[in-house]
Structures are given as C-alpha cells and as structure tokens.
Amino acid sequence: MTNSAAESMTKQCTNPLLLLSNTTILILWISSQFILIPYVVHLLLLVISILYTACHSSLILRQEQALCRGEIDPNDETPEGEKPPLPFSETLRTEDAMQFPIVGSIALFSLYCALKFFDKETVNFILSAYFGLMGCVAVAGVLSPLISSTPCGTFKKRMFAKEIIIPHKLPAFIGGESPWDLSLDFTLGGFVAFLLSAGVTGLYLYKKHWTMNNILGICFCIKGVEKFSLGTYKIGAILLIGLFFYDIFWVFGTEVMVTVAKSIDGPIKILFPRTLTPDLITGKIELSLLGLGDIVIPGFFLAILLRFDAHNAKVPYFPNDIHYPFPKPYFHTTLFGYFMGMVTTMFIMIKFGAAQPALLYLVPACLGSSLLVAVVRGEVKELFAYSEEVEEEEEGEGVEVKEETKKDK
C-alpha cells in the first residue's frame, strides 16, 4: 500500500471503539459525581476505557522507533536545518524486568516505614507535591494534542522555543547521560494545556477531592502506557511473572501493601465512590480504590501486543494515525482476558471481604490469552521474535559482523 493510499484511508476512517472509550471516560467522570454508579460497573468500564485509549495512543511509538532506525517520513516537508532532533527510543531491558520486583519492594517498604516512623501529614505533603508536579505534566500531555487538534490553527503556532543544554559530571546511574537536555519548545495549545493542568493540580492539592485525584490518575495511566515500551514479549512476560509474586507476597504475606495504599493521599490510585452521602463524623464519602499499577503494568503488555498486531498487518509507520483500521486479534483477546481477570478479582474480593492482589488474576489472564491466540494462529515463534529494541538489535548485528570478519581472517 502506498503512503498516499494509506493517508487517504486514514482520513476516511475513525475508530468508533476509540471514540467510545474516550467518551466513556468523560461521562463516567462527570456522572459519578451526581449518580451513584455501582462501583464494580464503574471500575470495569473506566479501566477498560483507559486501557483502550492508552494502548492506541502508544501506536505513536512505532513512528518514533522507525525514525530511530533511520527511516524517513515522506510526509515531513520541514527543511533539513529546522527538523527537530530524532526521538529517543528506550525500552525495558531483561535485567530491568528481573530487578523490578526487588526495586518495587524496596520502594514499597520504604514508604511503609516512612508512614510508620515519621509524621504521616509530612510524608503525604511531600508525596502530594511530587505527584502533583508529575500529574501537572501528565494532564498537560493529554490536553495539549486535544487543544492543538481543534479547527482553529492558532493553537498550533509555536509560541516559545529555547534550547537549554546542561552538561554534568555525575555518574550515569545517578544523573543519566550528559548533557541534560532541558530545552523548551511549546505551542499556544501547549501553553493553554499547561495552564489548565496547573489549575487541576492546584485544585487537587487544595481540596484533595477524589474527582481531581482521578483526573491525575487517568492521565498518569494514559501517558505512561503511551510513552513506554517493554521491548519484547518475553521481557513483558518476565515483568508480569515477577510482579505476580510481588503482589501476592505484599498483599497476602504482610500488611504493607494495603497500609500504604490506604495511607498515601496521592494520585497513585483511581477512586470509586460507594456512596454519595458523606459520613456524619468524617464528612467524607466511602470510596473503593484500584492502584495505578494494576492498570499501567498490564497496559504496557497490552500496548506491545497492539503494536505487534500493527506489525503483522503491515500498518505503515507514516503517517501515524491511531484510528487506522487493522485486525487486532492479540490486543482484543488479551484485553478481554484482562477484563475477565478483573471480574474474577472483584468477585473474590466481595465474596471473601478482603483485599486481593489484582495481578494474581490479571497476569495469568493476560499471558494465557495472548499465548492462546499465538498457538491458534501458529505464530508463537513470530510473537517471541518481535522486538522493539532498536539499539540493541543494531549492536547485536555489529557483534555478528565482527565475528564473521574474524572468521574470514
């Protein structure tokens, strides 16, 4: 399919399920403030909608990875000297996936100790300030494309650009690669989005209302899944299996996970009202919660499966269009598996009246459903061979070339 044909197709097509998921998120956020929606229904609808939106937003990674490989966007008419630098494509390494449960355990237990031995108000203030700042960036990142896509072309005009490069002598494992690139480049739409996100963050920090918490939490999920790649299916499986045991240990084996989740007053969870009538003593309504990790971690896995579907369907990298129609057997089946895993989690939790490690049910559901599709389609080898590790692949090829050269000598 030529690029012009692909472009004409994308202009004619709109993904109705993507529009439905976006609309569902908005409707649930507004209506739940006035209408008591059964919290199980609320949770399932909202989480599935967030994942559908976030995973489709992650299709932009295919274009960024293609640019990193040296491919050229035929639709980019920007003069050579004015083109922005190539996007940086970073994926999770196998070692990182193996160490993630250990690092997560250290962070979780550190939070637990801080809440136990220090003033809870001070700990929550520090965490709220940090997550508020990060939330402001996430909300702006979600709003900016929406504002810039309005028919009014004014919002697309560049408003400010400043290159800020700061070299440093810190070790790479502390300060990252040198120099730090803190360059600023935003349009009028981006500036308006930043002002709106600052307003939302300010309201959250002042009121700590559950609706503001959910805006920040939803945007965290969408931007996190959109920007992060697991690299390969195998790495995703290693991460999920490690966190499977992590979740079981910290929920069933200790009080740490539940204590931290209930004690931290920050947008690290999505809240679902179980009543709209405030308690006479506390003045607060009863809320259920779902940690962002139970959305984002499986979301990473679902996103790479969606991009694998796009790879199988030979969807063009340019132009990037999240509405482009193509078969999605791995994504849809695994998303249904996630849904059933979450249903099982809620059923067990209600039946036994105790908190459940959601990944105990979500990990087998996601891994099992994706492998089932691969077996049925006879694509197990292709699924495990699919990789988005651009740099590592190039390094691997270089090693092979050197070895062949030595043999020739």
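Shown above is the structure to which this text applies.
Conventions and cut-offs
- Residues numbered from 1 in each chain as written.
- Predicted model: local features only at pLDDT ≥ 70, side-chain atom pairs only at ≥ 80, totals over all residues.
- Heavy atoms only, no water.
- Helix = DSSP H or I, 4+ residues; strand = E, 2+ residues; numbered from the N terminus.
- Buried < 20%, exposed > 50% of the residue type's maximum accessible area, 1.4 Å probe, protein only.
- Contact = heavy atoms within 4.5 Å.
- Areas by Shrake-Rupley, 256 points an atom, 1.4 Å probe, with all protein chains shown as cover.
- Axes fitted to C-alpha atoms, helices over the stretch in contact; angles between N-to-C directions.
- Left-handed = near helix turned anticlockwise from the far one by under 90°.
- Nonpolar A, V, L, I, M, F, W, Y, C, P; charged D, E, K, R; others polar.
- Core = buried A, V, L, I, M, F, W, Y, C linked by side-chain atoms within 4.5 Å.
- Pairing = 2+ DSSP bridges.
- Expected span 1.5 Å × (residues − 1).
- Arc of directions from axis to C-beta.
- Salt bridge = Lys/Arg side-chain N within 4 Å of Asp/Glu carboxyl O.
- Parallel < 35°, antiparallel > 145°, perpendicular 65-115°, else oblique.
- Phe/Tyr/Trp six-rings, centres within 6.5 Å; stacked < 30°, edge-to-face > 60°.
- Lys NZ or Arg CZ within 6 Å of the ring centre and 35° of its normal.
- Polar contact = N/O pair within 3.5 Å; in protein donor to acceptor, adjacent residues only side chain to side chain.
- Patch = residues over 30% accessible without salt bridge, like charges linked within 9 Å, V, L, I, M, F, W, Y side chains within 5 Å.

Participant: Honestly, the overall build of the chain in this entry has me stumped. Any pointers?
Facilitator: From N to C terminus, the chain includes 16 helices and 6 strands. Residue burial in the chain is summarised as follows: out of 409 residues, 42% are buried. Sequence-distant contacts, at least 24 apart, represent 77% of the contacts inside the chain between residues at least 6 apart. As displayed, the chain has an accessible area near 22500 Å², and 66% of this comes from carbon and sulfur atoms.

Participant: Teacher, can you tell me more about the packing of helix H9 (residues 210–227) against helix H12 (residues 293–312) here?
Facilitator: Between two packed helices, the angle of one axis relative to the other and the distance separating the axes together describe the packing. One can describe the packing of H9 onto H12 by two numbers: an axis separation of 9 Å at closest approach and a directional angle of 35 degrees. As H9 runs across H12, the sense of the crossing is right-handed. In this structure, H9 contributes Cys221, Gly224 and Val225 to the contact, and H12 contributes Ile295, Val296, Gly299, Phe300 and Ala303. Here the contact of H9 with H12 is composed, by residue class, of 6 nonpolar, 2 polar and no charged.

Participant: In this structure, what is going on with the side chain of Asn214? I would like to understand it.
Facilitator: Relative to the elements of secondary structure, Asn214 occurs in helix H9. When near neighbours in sequence (up to four residues on either side) are disregarded, Asn214 contacts Trp29, Lys269, Ile270 and Leu271.

Participant: What am I meant to see in the nonpolar core here?
Facilitator: Counting 91 residues, the largest nonpolar core has Leu43, Leu46, Ile50, Ile295, Phe301 and Tyr338 as the members making the most contacts within it. With 12 residues, H12 is the largest single contributor of residues to this core.

Participant: I would appreciate a short explanation of unusual backbone geometry in the present structure.
Facilitator: When glycine is set aside, most residues are seen to have a negative phi, and most peptide bonds are trans. For Lys208, which is not glycine, the phi dihedral falls at a positive 55 degrees. Along the polypeptide, Lys208 turns up in the loop between helix H8 (188–207) and H9.

Participant: Mind showing me how you'd approach the pairing of strand S5 (residues 269–273) here?
Facilitator: The side chains of a regular strand alternate, first on one face of the sheet and then on the other. In terms of residue burial, S5 counts as a mostly covered element, since 5 of its 5 residues are buried. Going residue by residue along S5, you find Lys269, Leu271 and Pro273 tucked away on one face and Ile270 and Phe272 tucked away on the opposite face as well. Looking at chain direction, S5 and strand S6 (residues 287–291) are connected through 5 bridges and run antiparallel. Residue pairing across strands places Leu271 opposite Leu289, the latter belonging to S6.

Participant: Which parts of the structure should I look at to understand H8?
Facilitator: Because an α-helix completes one turn every 3.6 residues, residues spaced three or four positions apart along the sequence face the same direction. Taking 1.5 Å per residue, 20 residues should reach 28 Å; H8 reaches 29 Å between its end C-alpha atoms and fits that length. Turning to H8, its buried residues are Gly189, Gly190, Ala193, Ser197, Val200, Thr201 and Tyr204. Angularly, the buried residues of H8 cover 100 degrees about the axis, an arc narrow enough to put them on a single face. Projecting away from the buried face of H8 at angles above 90 degrees are the exposed residues Tyr206 and Lys207.

Participant: What exactly am I supposed to notice about the pattern of salt bridges here?
Facilitator: Two side chains with opposite charge may pair up if their charged atoms get near one another. One pass over the full model with this rule turns up 8 salt bridges. Of the charged contacts, one joins Glu95 and Arg93 as a salt bridge, the two residues approaching to 3.7 Å between their closest N and O atoms. For Arg93, a relative accessible area of 38% translates into the label partly exposed. The partner of Arg377 in a salt bridge is Glu379, with the nearest N and O atoms 3.1 Å apart. One salt-bridge network, held together by shared partners, links Arg93, Glu95 and Asp96.

Participant: It is not clear to me how the packing of helix H2 (residues 16–31) against helix H3 (residues 39–57) should be interpreted in this structure. Could you clarify?
Facilitator: Two numbers describe how H2 lies on H3: the axes approach to 9 Å, and their chain directions differ by 135 degrees. The orientation of H2 relative to H3 falls into the category oblique. Crossing hand, H2 versus H3: left-handed. Contact residues: Leu17, Leu18, Ser21, Asn22, Thr24, Ile25 and Leu28 in H2; His42, Leu45, Leu46, Ser49, Ile50, Tyr52, Thr53 and His56 in H3. By residue class, the composition of the contact of H2 with H3 is 8 nonpolar, 7 polar and no charged.

Participant: Looking at this structure, I do not really get the packing of aromatic side chains. What am I missing?
Facilitator: How two aromatic rings sit relative to each other is given by the distance of their centres and the angle of their planes. Throughout the structure, instances matching the rule amount to 12 aromatic pairs. Where Phe244 meets Phe245, the ring centres are 5.0 Å apart and the plane angle is 85 degrees; that geometry is what we call edge-to-face. For Phe244, a relative accessible area of 17% puts it in the buried group. Taken together, Phe109, Tyr112, Phe249 and Trp250 form an aromatic cluster joined through their ring pairs. Positioned above the aromatic ring of Phe326, the side-chain terminus of Lys328 is 5.0 Å from the ring centre.

Participant: In this structure, what is going on with the environment of Asp321? I would like to understand it.
Facilitator: Tracing the backbone shows Asp321 in the loop between H12 and helix H13 (329–352). Linking Asp321 and Ile60, residues 261 residues apart in sequence, is a C-alpha distance of 7.9 Å. Here the side chain of Asp321 touches His323 through a polar contact of 2.9 Å, landing on its backbone nitrogen.

Participant: I keep staring at the side chain of Thr334 and nothing clicks. Help me out?
Facilitator: For Thr334, the location among the structural elements is in helix H13. Judged by its relative accessible area of 0%, Thr334 falls in the buried class. A polar atom in the side chain of Thr334 sits 2.7 Å from the backbone oxygen of Tyr330.

Participant: Quick question: what am I supposed to make of a nonpolar patch on the surface here?
Facilitator: On the surface, a cluster of nonpolar side chains totalling about 440 Å² of accessible area is made up of Leu26, Ile30, Phe34 and Ile35. With respect to the secondary-structure elements, Phe34 resides in the loop between H2 and H3. Note on Phe34: relative accessible area 64%, which makes it exposed.

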